[in-house]
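A structural walkthrough
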Amino acid sequence: MPEMPEVQGLVDFLGERLKGLRITRVMVGNIAALKTYDPPIDALKDAEITGASRHGKFVDLSTTGPHLIFHLAKAGWLRFTDELAPTLIKPGKTPIALRVALSDGSGFDLTEAGTKKSLAVYVARDPADVPGIARLGPDPLDPGFTRDTLASLLEGRRTQIKGVLRDQATVAGVGNAYSDEILHAAKMSPYALASSLTAEDVDRLYAAMIQTLTDAVTEASGKPPAELKDAKRRGMQVHGRRGETCPVCGDEVRSVFFADNSLEYCPTCQTGGKILADRRLSRLLK
C-alpha cells in the first residue's frame, strides 16, 4: 500500500512534470472508482494543472478548473508515460481505473491489481469536500506536529499503538508498513496500549516517527513512479521481511497475520523476546 513517503514522492514528481500542462482527455475504466459526480469528470477537460499536493495519503492535482484527487488504497498505483498510447480503454476489462491524457502527449493511468477494488477518484471544487480528507488528523511531518501534539493524541486511548498509528483520523499518512517501521525504531510492542506509554516512551516514539518518515520521504524524493515501490522495499527494516534477520539485533523478524494484512516485528527489539501469536489463533502468548 502506498503510504506518506511514496505519495509524497508521487506528488513531487507530478508537480514538477505536469505543472502547466492541460488535461486533454479523461477516461474512466472503473466507474466504481469515481466517487463524485458534481463537478462532472468532464469539467477537467482543457483545465491546466497548476500544482500537486498531498493530504495524508491522498494525491491532489489542482487545476484551473476543479481538483483531481485520488487515493491509491491497498493495491493501486500510478503509471506515467511520456507518450500515452491512443488505445481506448474498455471499462470492466482492464486494471486501469482512470486514464488522463495531457497536452504534451504524455499521461498517466491509475491502476489497481486484485479483485478487491478500493482505489478512489474525486473531482472536487475544494479538497475539504472529500470526506476522507475532511476526517484527517494532523500530518506528522507538518512543522506544527510536535512531541506534545503526539502526546495529546495518545492520552487516554486504550487502543493498541499499532492501530492508533494507522488511524488516519488520528495521524495522517501512516499505514501498515511505516507503523511497523516506526515501532521497530522506537523498540515498542505493536500491542502496547497508547494510554500506558510513559513520557519516555512518547519521546522515543516521536523521535522514531519523525526520523523514519523523514528518511523515507528523502529516499522517495526525485524518483519517478516506476522506482518508488522498490525504493520503499529496500528501506524496510522489518515490514515485509518475515523470516529474515533483524538488522539491529540479529533476531528473526516475525509476523502476525490478520484477515487481509500482517504486521512484522522483532521480538528482541520490541517485545522483550516474547513471540506474539498469530491472530488467526485468536490468542497472544504471554
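What you see is a predicted model, and the numbers here were worked out from it, not measured in a lab. (Residues numbered from 1 in each chain as written. Predicted model: local features only at pLDDT ≥ 70, side-chain atom pairs only at ≥ 80, totals over all residues. Heavy atoms only, no water.)

**Re the packing of helix α1 (residues 4-18) against helix α6 (residues 199-220)**
Rules: As a rule, the C-alpha atoms of each element are fitted with a line to give its axis, helices using only the stretch in contact, and angles between N-to-C directions run from 0 to 180 degrees. Numbered from the N terminus, helices here are DSSP runs of H or I no shorter than four residues, and strands are runs of E no shorter than two. By convention, the crossing between two helices is left-handed when the near helix turns anticlockwise from the far helix through less than a right angle, and right-handed when the turn is clockwise. By the convention used here, residues are in contact when the closest approach between their heavy atoms is within 4.5 Å. Ten residues, namely Ala, Val, Leu, Ile, Met, Phe, Trp, Tyr, Cys and Pro, are considered nonpolar, four, namely Asp, Glu, Lys and Arg, are considered charged, and the remaining ones, Gly among them, are considered polar.
The interhelical angle for the contact between α1 and α6, taken along N-to-C directions, is 35°, at an axis separation of 8 Å. When the axes of α1 and α6 are compared, the crossing they make is right-handed. Residues M4, P5, Q8 and G9 of α1 lie in contact with α6, whose contacting residues are L213, A216, V217 and A220. Grouping the constituent residues of the contact of α1 with α6 by class yields 6 nonpolar, 2 polar and no charged.

**So, the sheet that holds strand β3 (residues 58-63)**
For sheets, the rule is that strands pair by backbone hydrogen bonds, running either parallel or antiparallel. Counted only if it meets this: By the convention used here, strands pair only if DSSP detects at least 2 bridges between them.
Across the sheet, 4 strands lie side by side as β2-β3-β4-β8; this open sheet has antiparallel pairing. Edge strands, defined here as strands with exactly one partner in the open sheet, are β2 (49-55) and β8 (120-124). Between one strand axis and the next, the sheet turns through 20° on average, direction left out of account.

**Let's talk about helix α3 (residues 147-154)**
Threshold: Relative accessibility under 20% of the residue-type maximum defines a buried residue, over 50% an exposed one, and the middle range a partly exposed one, all with a 1.4 Å probe and only protein chains included. Read the arc as the range of directions from the helix axis to the C-beta atoms.
The complete set of buried residues in α3 reads T149, L150 and L154. Around the axis of α3, the buried residues are gathered within 130° of arc, so they sit on the same side. Packed against the buried residues of α3 are α4 (161-166) and α6. Positioned one or two residues after α3, G156 has a phi angle of 75°, which is positive.

**With respect to the packing of aromatic side chains**
What counts here: Aromatic pairs are defined between Phe, Tyr and Trp rings, using the six-membered ring for Trp, whenever the two ring centres lie within 6.5 Å; interplanar angles under 30 degrees are classed as stacked, those over 60 as edge-to-face, and all others as tilted.
A complete count under the given rule lists 4 aromatic pairs for this structure. Ring centres of F13 and F80 lie 5.2 Å apart, and the angle between their planes is 75°; on these two criteria the pair is classed as edge-to-face. Here F13, found in helix α1, pairs with F80, found in strand β5 (residues 76-81); they are 67 residues apart in sequence, far enough to count as distant. Classification of F13 by relative accessible area gives buried; the value is 18%.

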